[in-house]
Structure formats: structure tokens, C-alpha cells
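# A look at the structure
The chain contents come next:
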Amino acid sequence: QVQLVESGGGLVQAGGSLRLSCAASGRTFSSYAMGWFRQAPGKEREFVASISWSGGSTSYADSVKGRFTITRDNAKNRVYLQMNGLEPEDTAVYYCAASRKGYRSSVREYEYWGQGTQVTVSS
């Protein structure tokens, strides 16, 4: 089993940057693909980015391509989301998730979830 804890959220002005971090428990972290998702009020949870178990492959939602970067450090059991050029539309609770099925984009493919961290972007 994997336990995930996100951190790094906060309030930032449009155009600013934040770096989210997700700390994972367990010795099998490197065997999981990891993903970041977000959920705005009244909307469904949506895919943001994912990364393979080795970190060699990544995938991004079109809305964040060129602005967000997902990385991982298997030695530290952590996955990161660097967010640059933030826009008010990026306001949401951000969740990290773990999957044994590969770096997918569907919520249903992820078995473990963190509790989320709030990101608010003011205009």
C-alpha cells in the first residue's frame, strides 16, 4: 500500500509559480507511475500530468503543456509538479496519485490518492 501526502499549495497571483510536492510512504514507490490531478469547485477531477515509474516518460494535459513540469525522485520517494505561468483557471485542489498500470490520464487507473492541496490563483 502507498500513502501520499501533498504539500506546496497556496495563494499566488496570475503569472506566478508554485512547486507542489507529494511524499510517498512505502518501499515500492519506484514501481508506481505517478500522476497529478486537480478538481475545481463544481467540476469533475481532471488529469494534469503523469510520469512513468522511472521518470523517463511524461504526459500532460493540453491546458498545462509548456507551463507545468512533472518530475520524481525515487531515492526520496517524492514526485513534484512545477507550475509556472499560473492562471486563475488553474485554481483547484491538486491531488497526487499512484498507479501500477502506467502513466495514464484516467482517474480510474489510479489506486492510491493523497488528500489534496489547494492552489488559488488570483487575477
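Summarised in this report is the structure supplied together with it. (Residues numbered from 1 in each chain as written. Predicted model: local features only at pLDDT ≥ 70, side-chain atom pairs only at ≥ 80, totals over all residues. Heavy atoms only, no water.)

## Considering the nonpolar core
Note the threshold: To define a nonpolar core, start from buried Ala, Val, Leu, Ile, Met, Phe, Trp, Tyr and Cys residues and group those joined through side-chain atoms within 4.5 Å. The rule is simple: take the accessible area with a 1.4 Å probe, protein chains only, and divide by the maximum for that residue type; under 20% is buried, over 50% is exposed, in between is partly exposed. Note on conventions: DSSP H or I runs of at least 4 residues are helices, E runs of at least 2 residues are strands, and numbering of each starts at the N terminus.
Judged by nonpolar contacts, the single largest core of 32 residues is most densely connected at Met34, Trp36, Leu81, Met83 and Tyr94. Elements that contribute at least two residues to this core include exactly strand 3 (18–24), strand 4 (33–39), strand 5 (46–51), strand 7 (68–73), strand 8 (78–83), strand 9 (92–99) and strand 11 (117–122). Per-element tally for this core: the top contributor is strand 9, with five residues.

## Some thoughts on the sheet that holds strand 8
Note the cut-off: The pairing criterion is simple: DSSP has to find at least two bridges between the two strands. Note on geometry: axes are C-alpha line fits, over the in-contact stretch for helices, and angles between N-to-C directions span 0 to 180 degrees.
Pairing within the open sheet is antiparallel, and its four strands lie in the order 1-3-8-7. Two strands lie at the open edges of the sheet, namely strand 1 (4–7) and strand 7, each paired on one side alone. Recorded for the sheet is a direction-independent mean angle of 15 degrees between the axes of neighbouring strands. In this sheet, strand 3 lies alongside strand 1 in antiparallel orientation, the contact comprising four bridges. Along strand 3, the bridge assignment pairs Ser7 with Ser21.

## Remarks on the packing of aromatic side chains
Cut-off, in case you're wondering: Between rings of Phe, Tyr and Trp, where Trp is taken as its six-membered ring, a pair exists when centres lie within 6.5 Å; planes separated by under 30 degrees are stacked, by over 60 edge-to-face, and by other angles tilted. Either the NZ atom of lysine or the CZ atom of arginine qualifies as a charge over a ring when it sits within 6 Å of the ring centre and within 35 degrees of the ring normal.
Within the structure shown, the criterion is met by six aromatic pairs. Judged by centre distance (5.9 Å) and plane angle (75 degrees), the ring pair of Tyr32 and Tyr112 falls under edge-to-face. Of this pair, Tyr32 sits in the loop between strand 3 and strand 4 while Tyr112 is found in strand 10 (residues 112–113), placing the two residues 80 residues apart along the sequence. Residue Tyr112 is classed as partly exposed on the basis of its relative accessible area, which comes to 22%. Aromatic side chains Phe37 and Tyr110 sit 5.1 Å apart centroid to centroid with 75 degrees between the ring planes, which places their arrangement in the edge-to-face category. Within this pair, whereas Phe37 is found in strand 4, its partner Tyr110 is found in the loop between strand 9 and strand 10, the two being separated by 73 residues in sequence. Tyr110 carries the same exposure label as Phe37, and that label is buried. Among the aromatic residues, those joined into a cluster by ring pairs are Phe37, Phe47, Tyr95, Tyr110 and Trp113. Its guanidinium or amino end placed over the ring of Tyr80, Arg19 lies 3.9 Å from that ring's centre, counting from NZ or CZ. When the ring centre of Trp113 is taken as origin, the NZ or CZ atom of Arg45, which lies over that ring, is 4.9 Å away.

## Quick notes on the pairing of strand 5
Taking burial as the measure, the six residues of strand 5 include five buried ones, the bulk of the element. By the bridge criterion, five bridges tie strand 4 to strand 5 in an arrangement that is antiparallel. The residue of strand 5 that forms the bridge with Phe37 is Phe47. The hairpin turn running from strand 4 into strand 5, its antiparallel successor, is six residues long, and Gly42 in that turn takes a positive phi close to 80 degrees. Pairing analysis gives three bridges linking strand 5 to strand 6 (residues 58–60), with the strands arranged antiparallel.

## Structural notes on the side chain of Ser52
We apply this condition: For this analysis, a polar contact is any N or O atom pair within 3.5 Å, provided that within protein one partner can donate a hydrogen and the other can accept it, and provided that sequence-adjacent residues contribute only side-chain to side-chain pairs. Here, residues are in contact when the closest pair of their heavy atoms is within 4.5 Å.
In this fold, Ser52 is placed in the loop between strand 5 and strand 6. Of the polar contacts made by the side chain of Ser52, one reaches the backbone nitrogen of Gly56; its length is 3.3 Å. Look past the residues within four positions of Ser52 in its chain and what remains in contact with it is Ala33, Ser57, Arg72 and Tyr103.

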